Amino acid sequence: PKPAAGYDNDNAACIIPDVFVRTNKQGDYLIELNSMSLPRILINREYYSEIKAGSAKNREARRYLKEQLSRRQRDFFEKGVDYLKPLLLRDIAEALEMHESTVSRVTAHKYMHTPRGIFELKYFFSAAAGTYTGDENTSVVSIRHQIKKLIDEETPENVLSDDKIVELMAQKG
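Here we summarise the structure given alongside this text. Predicted, not measured: the structure shown is a model, and the values here were computed from it. (Residues numbered from 1 in each chain as written. Predicted model: local features only at pLDDT ≥ 70, side-chain atom pairs only at ≥ 80, totals over all residues. Heavy atoms only, no water.)

Observations regarding the overall build of the protein
Consideration 1: For the protein, the helix and strand inventory stands at seven helices and six strands.
Consideration 2: Its helices and strands in sequence order give the protein the pattern β-β-α-α-α-α-α-β-β-β-β-α-α, from N to C terminus.
Consideration 3: Split into buried and exposed, the 173 residues of the protein put 24% on the buried side.
Consideration 4: Sequence separation of 24 or more characterises 45% of the internal contacts of the protein that already satisfy a separation of 6 or more.
Consideration 5: In the structure as shown, the protein presents an accessible area of about 13,000 Å², 53% of it carried by carbon and sulfur atoms. (Helix = DSSP H or I, 4+ residues; strand = E, 2+ residues; numbered from the N terminus. Buried < 20%, exposed > 50% of the residue type's maximum accessible area, 1.4 Å probe, protein only. Contact = heavy atoms within 4.5 Å. Areas by Shrake-Rupley, 256 points an atom, 1.4 Å probe, with all protein chains shown as cover.)

Comments concerning the pairing of strand 4 (residues 117–120)
Consideration 1: Note: strand 3 (residues 111–114) against strand 4, four bridges, orientation antiparallel. From the neighbouring strand, Tyr-111 faces strand 4, where its bridge partner is Glu-120.
Consideration 2: From the end of strand 3 to the start of strand 4, which pair antiparallel, there are two residues. (Pairing = 2+ DSSP bridges.)

Examining the pattern of salt bridges
Consideration 1: Following the criterion strictly, the structure yields five salt bridges and no others.
Consideration 2: For the salt bridge of Lys-85 with Asp-75, the shortest nitrogen-to-oxygen distance reads 3.1 Å. Of this pair, Lys-85 sits in the loop between helix 3 (74–79) and helix 4 (89–96) while Asp-75 sits in helix 3, placing them ten residues apart in sequence.
Consideration 3: Its relative accessible area of 18% is what places Lys-85 among the buried residues.
Consideration 4: Among the residues examined, Asp-75 registers a relative accessible area of 25% and is labelled partly exposed.
Consideration 5: We note a salt bridge from Lys-148 to Asp-152, for which the minimum N-O separation is 2.8 Å. Of this pair, Lys-148 and Asp-152 both sit in helix 6 (residues 140–152), separated by four residues, roughly a single helical turn. (Salt bridge = Lys/Arg side-chain N within 4 Å of Asp/Glu carboxyl O.)

Printed below as a string of structure tokens:
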């Protein structure tokens, strides 16, 4: 009575985030590794304090500290996909002194739980696109998201042409 029953596949894939991004009471973003799926990594607070104390005199130490603890996608976490900054695998590979393929393998099938939802780490790797204003700090993912919002807001009576979408995007820069 059910000839195709053997082909039915209702197994839903369960995603377990490898990284959690949360905010503390001061509004700072904290990044925590999921101890159930990854080895634990900690920041050596003694070393951090030592660098911070010396950074008042040493501009290079202050820059290093800021760079190491900075959050590149802060605007994305606070404001959404429209504010995602471009980030290339190559940039991460150079910063870590690894090959791009290694970074790609390590980030494959790894997920981050953020205040904006759960994202695969690869979601954050996107190329930069030039804008009408000359800004090279706009992510291709962000532009796609803005176009999708315009299309989702269409009504059957008011369907946007490609030219109109280009015009609306140009108005945004």
